[in-house]
Amino acid sequence: MSSLTVSEVTKSFGATPVLTGIDLHVPNRSLTALLGPSGCGKTTLLRLIAGFDEPDTGAIAVGDRTVTGAGRGVPARRRGIGFVPQEGGLFPHLSVAANVTFGLPRRERRDPGRVRDLLALVGLDAALAERHPHQLSGGQQQRVALARALAPRPSLVLLDEPFSSLDAGLREDTRQAVAEALYASGATAVLVTHDQAEALSMADQVAVMRAGRLVQLADPQTLYRHPLDLDVATFVGDAVVLDADVRGGQAHCELGVLPLERPCPEGPSRILLRPEQLQLGGRTAAPTGTIARVHSVEFYGHDARVLLDLPSGLQVTARLDGSVLPADGAEVAVAVSGAALAFPARAAGRDQAGRDQAGRDQAGRDQAGRDQAVA
Amino acid sequence: MLLALAVLVAALALLPLGYIAGFTVDVGWSGVRELVFRPRVGELLWNSTRLVVGTVACCVVLGLGAAWLVERSSVPARRVWHVLLVAPLAVPAFVNSYAWISLLPGLDTYGGALLVVTLSYFPFIYLPVAAAFRGLDPALEETARGLGLSAWAVFRRVQLPQLRVAVLGGSLLVALHLLAEFGALQMLRFPTFTTAIYDQYRATFNGPGATMLAGVLVLLCLGLLLAELRLRGRAAYARSGRGAARPHRSAPLGRLTGPALLGLGLLVGLAVLVPLASLTYWMLTGSSSALPVGELLSTTGTTLGLAAGAAVVTTALAFPTGWLVVRARGRIATLLERSTYLGSAVPGIVVALALVTLSIRATPWLYQTVPVLVAAYAILFLPLAIVNVRSAVEQSPRIYDDVSAALGSSAFDRLRRVTLPLLAPGLGAGAALVFLAVVTELTATLLLAPTGTTTLATAFWSATSGLEYGAAAPFAVLMVLLSAPATVLLSRDARRGLTT
């Protein structure tokens, strides 16, 4: 197993730039998730690493070995990189055993012990060996695909949205089996996904991609607690975003005066809270809290999301455990636990702040126009 | 590399068209006027037109009606009827017309021709329409009914638009087959362009008259193709959901069950039982003279050999085009695919005429040899193979190449272990269809077969030309027996091979 280093890789399809300068380092024996919305270039990056396509510029190295860049690329079949495609991509004309041993030298393919070990590695029963792919469930197909990719002991395994076609229940089990197999084999792995829960729960580090570039590379907890900007923040989880004024190292906002997670310049800013930080109390119980009205409750069993209308008209979400829930239309006091993460208004989430700014400018101009008309 | 091969294949397919076009330019406008604008051509045009229009109309009525009864009504024994309604395809049209005219010599009229060719060709409409009925998602009809449409409105606004592609495609197939039909019409002594071209060719050998008639015929075929493209538009109907559609509810016939059974029985009786009875009768009468076993065996051997050769060659030729159409989607690939279809829309008699003339002029050492004959088969039956290669390649998406490359497999290794095993069934089906089409091919074989090479079709033909109906019967029976497997193939999967 080896590390993976991607340096300044760019790729365009025709006139459309897909990747605009990607740098990424995946340490040995770790799992990195490439997380991004569809169309952000994450699958393209995966295909460049695998060697199915060549980058326009930049270099990719597996361990110390440069596989592309500085001249001609190493063809996919000589890279020693395992690949698990979206729907498994099992060869429909071959049995499970033949699929799993496909990449092994001829004399090793006949060894039933080898097949058994590989199936056991991904948590499958050896009795499945003689089945054909169409006789397997979606989750089993994905596990077989992983066993097939791991069989030739690749230096790196790439997984392209391997769980996206599975049902919710099956997805959890398959995820866990895959994570365990990857850990047991000591594999270095790159997982492409657009599902933030999957990225956060499985990966050692998460690379967030947006519009052809890598926005943030961090471990899951850092990513969730200290996102680089509000776009990343809202992409990796539910968020409560409020306007605030930072004064004296504290954020003054609709929900009160909150401590800051990290220092922020004084002045107008936007702050990020996670829904689980909002705590609801009866109207009288918490006289210091802001009073909000319950708009609606989404009950999930293990927990619930409560949509709240704040006095300003802003709607925010609180996440509660499902034991005691307020009724629709009830008035509740909202308190905040923990610190807020503040982003200076100008630099905060490009879209949000930009739009607000533009809106204010427009209002100013309108006012000026009316003044003139009066004069 | 593949592209160059596909271009060569397209060029081969377009060879007859190019020959006709080149010839027309050589003759010049005055020559064309002299050869084309004469009463004889007008008479042929009238004959061909009324036969095509009449037959297509009859076939649409019979095909739609039978398909509705079998697929959507409560008529008993629907599976059996389905097989019986496809069975006429096992009897080549010229064998069918032999069966009829040998019993009823008075059928050599427009009405007789209409009857015989309709009975031979209505399955070309029945099959795609039945498949379309089966493919209609009942959810669409239920949705429409839920939106408040009446039963009739559902048929007109939901079902009919979806059947249109099948009806049009089937009609085009019937019309093209009719324009190309030679044996059946010659036997019924109903003169059309093909029979006239053949007679001219026999009389004057390679005369400009025959070629110009062929030119008019080709124009008719191209006109039909264009008309169908315009009518069909860009419509492509696919079920958007995944998984199998639910079965349909069948409409109860009630008191109409009797008449429905009678109608189906009459149709099957005329289309299947009459020819079989006639063949049996002639087999029994003809067997007063001893069965020519040696001749039958050698003719069958020649036929099977030619058919096998043509099947292999045609499938090999179809491979580059079928592959590129899927793997290198784009204008060029589509253009190449279309040109092979265009080339095979040319009637067999024209292909044969073009190859005779070209081989005499350009490559005399090839004239009347097996390679030229096989080339003609390839031009005529390429679409059968391409359609199958294409759908096979679609079954083998590029992801398998990527995965096996990532597993360290070389290009050759991938071809051997992944691509070919995945393509094999499709390639086999294509080759089988070409094989069976060649077994009953008459027109091109008559003109192009090397001297002394006799196939079942040509042996049958020379016997009937001498009105030796008894002697012809064994060859006809063998052809029917050999065609039967193709019919089974077609009745199973109506959309393959037929909708070219």
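For clarity, every value in this text was computed on a predicted model and none was experimentally measured. Position numbers for residues start from 1 in each chain and track the written sequence from start to end. Both sets of labels track the order of writing: A upward for chains, 1 upward for ligands. Under the rules for a predicted model, residues below a pLDDT of 70 receive no local features and side-chain atom pairs below 80 are neither given nor counted, while totals for whole chains, interfaces and linings still include all residues. Side-chain metrics in this entry use all non-hydrogen atoms of the structure; hydrogen atoms and water are not considered.

1. Some remarks on the interface of chain A and chain B
Part 1 of the reasoning: Residue contacts follow a heavy-atom distance rule, with two residues in contact if any of their heavy atoms lie within 4.5 Å. Taken together, the contact pairs 20 residues of chain A with 17 residues of chain B.
Part 2 of the reasoning: In what follows, salt bridge is the name for a side-chain nitrogen of Lys or Arg lying within 4 Å of a carboxyl oxygen of Asp or Glu. Put simply, chain A and chain B have 1 salt bridge between them.
Part 3 of the reasoning: Asp402 of chain B is the salt-bridge partner of Arg47 of chain A, the closest N and O atoms lying 3.0 Å from each other.
Part 4 of the reasoning: Between N or O atoms, a polar contact is any pair within 3.5 Å; within protein, one atom must be a potential hydrogen donor and the other a potential acceptor, and residues adjacent in sequence are included only when both atoms are from side chains. The tally of links between chain A and chain B comes to 5 residue pairs in polar contact (both at pLDDT 80 or more).
Part 5 of the reasoning: Looking at the side of chain A that touches chain B, the elements that each hand over two or more residues are β6 (81-84), α3 (106-109) and α5 (138-150) of chain A. Strands are runs of DSSP state E lasting at least two residues, helices are runs of H or I lasting at least four, and both sets are numbered from the N terminus onward.

2. Comments concerning the side chain of Ser278 of chain B
All names here are of chain B.
Part 1 of the reasoning: Note that Ser278 resides in helix α12 (residues 257-286).
Part 2 of the reasoning: Residue classification places Ser278 among the buried residues on the basis of a relative accessible area of 1%.
Part 3 of the reasoning: At a separation of 2.9 Å, a polar atom in the side chain of Ser278 contacts the main-chain carbonyl oxygen of Ala99.
Part 4 of the reasoning: Here Ser278 is in contact with Ala99, Ser102 and Leu103, once residues within four sequence places are set aside. A simple rule labels every residue: compare its accessible area, found with a 1.4 Å probe on the protein chains alone, to the largest value its type can have, and call it buried under 20%, exposed over 50%, or partly exposed in between.

3. Some points on the nonpolar core
Part 1 of the reasoning: Counting 145 residues, the largest nonpolar core has Leu85, Val95, Tyr98, Tyr126 and Phe460 of chain B as the members making the most contacts within it.
Part 2 of the reasoning: Top contributing element to this core by residue count: helix α16 (residues 370-394) of chain B, with 15 residues.
Part 3 of the reasoning: Lining this core are residues from two domains, each supplying at least three of them: domain 1 (1-14 + 287-500) and domain 2 (38-233 + 258-285) of chain B.
Part 4 of the reasoning: If you look at the next biggest cluster of nonpolar residues, it comprises 39 residues, including Val6, Ile49, Ile60 and Leu94 of chain A. Grouping buried Ala, Val, Leu, Ile, Met, Phe, Trp, Tyr and Cys residues that are joined through side-chain atoms within 4.5 Å yields what is termed a nonpolar core. Reported domain spans reflect what an automatic or database domain assignment gives.

4. Some remarks on the domain arrangement of chain B
All names here are of chain B.
Part 1 of the reasoning: Each assigned domain of chain B is listed with its residue range as follows: domain 1 (1-14 + 287-500) and domain 2 (38-233 + 258-285).
Part 2 of the reasoning: Centre-to-centre separation of domain 1 and domain 2, based on C-alpha positions: 23 Å.
Part 3 of the reasoning: Listed per partner, the contact involves 40 residues of domain 1 and 46 residues of domain 2.
Part 4 of the reasoning: Summed over both partners, the interface of domain 1 with domain 2 comes to about 3,600 Å²; 79% of that surface belongs to carbon and sulfur atoms.
Part 5 of the reasoning: Those elements giving two or more residues to the side of domain 1 that touches domain 2 turn out to be α15 (348-362), α19 (443-448), α20 (456-465) and α21 (469-492).
Part 6 of the reasoning: No other element matches α21, which puts 14 residues into the side of domain 1 that touches domain 2.
Part 7 of the reasoning: When residue character is reported, Ala, Val, Leu, Ile, Met, Phe, Trp, Tyr, Cys and Pro are called nonpolar, Asp, Glu, Lys and Arg charged, and the others, Gly included, polar. Per-class residue counts for the side of domain 1 that touches domain 2 are 28 nonpolar, 11 polar and 1 charged. Put simply, buried area is how much 1.4 Å-probe accessible surface two parts lose in total, over both of them, once they are put together.

5. Focus: the sheet that holds strand β1 (residues 4-13) of chain A
Residues and elements named next belong to chain A.
Part 1 of the reasoning: Should DSSP find at least two bridges between two strands, the strands are taken to pair. Pairing is antiparallel across the open sheet formed by 4 strands, whose spatial order is β2-β1-β4-β5. Looking at strand neighbours, the two that pair on one side only are β2 (16-26) and β5 (65-68), the edges of this open sheet. Within the sheet, the average angular offset between the axes of one strand and its neighbour, ignoring direction, is 30°.
Part 2 of the reasoning: Examined bridge by bridge, β1 and β2 share 8 bridges and lie antiparallel to one another. With axes taken as lines fitted to C-alpha atoms, and helix axes fitted only over the stretch in contact, angles between N-to-C directions fall between 0 and 180 degrees.

6. Here's the deal with the sheet that holds strand β15 (residues 278-281) of chain A
Where strands meet in a sheet, backbone hydrogen bonds hold them as pairs that are either parallel or antiparallel.
All names here are of chain A.
Part 1 of the reasoning: The strand order across the open sheet formed by 5 strands is β15-β19-β16-β17-β18, and the pairing between neighbours is antiparallel. This sheet does not close on itself; its edge strands, each paired only once, are β15 and β18 (315-321). When the angles between neighbouring strand axes are averaged without regard to direction, this sheet yields 45°.
Part 2 of the reasoning: Here 4 bridges tie β15 to strand β19 (residues 331-336), and the two strands are oriented antiparallel to one another. Bridge pairing in β19 links Gly281 to Ala333.

7. Topic: helix α4 (residues 112-121) of chain A
Residue and element names in this part refer to chain A.
Part 1 of the reasoning: Taken together, the buried positions of α4 are occupied by Gly113, Arg114, Val115, Leu118 and Leu119.
Part 2 of the reasoning: A side-chain oxygen of the first residue of α4 lies 2.9 Å from the backbone nitrogen of Gly113; this N-cap is Asp111.
Part 3 of the reasoning: Looking one or two residues past α4, Gly123 carries a phi angle of roughly 75°, positive in sign.

8. Side note on the domain arrangement of chain A
By a widespread convention, an interface's size corresponds to the accessible area lost as its parts come together.
Residue and element names in this part refer to chain A.
Part 1 of the reasoning: For chain A, the domain assignment lists domain 1 (4-230) and domain 2 (238-357).
Part 2 of the reasoning: Its C-alpha centre places domain 1 at a distance of 38 Å from the equivalent point of domain 2.
Part 3 of the reasoning: Counting residues at the interface gives 8 residues for domain 1 and 12 residues for domain 2.
Part 4 of the reasoning: Summed over both partners, the interface of domain 1 with domain 2 buries about 890 Å², with 60% contributed by carbon and sulfur atoms.
Part 5 of the reasoning: Among the residues domain 1 hides against domain 2, the three largest losses belong to Tyr224, His226 and Leu230. Together they make up 66% of the total.
Part 6 of the reasoning: In this assembly, domain 1 and domain 2 are joined by 0 salt bridges.
Part 7 of the reasoning: For the pair domain 1 and domain 2, the number of links is 2 residue pairs in polar contact (both at pLDDT 80 or more).
Part 8 of the reasoning: Among the residues forming the side of domain 1 that touches domain 2, the class breakdown is 4 nonpolar, 1 polar and 3 charged.

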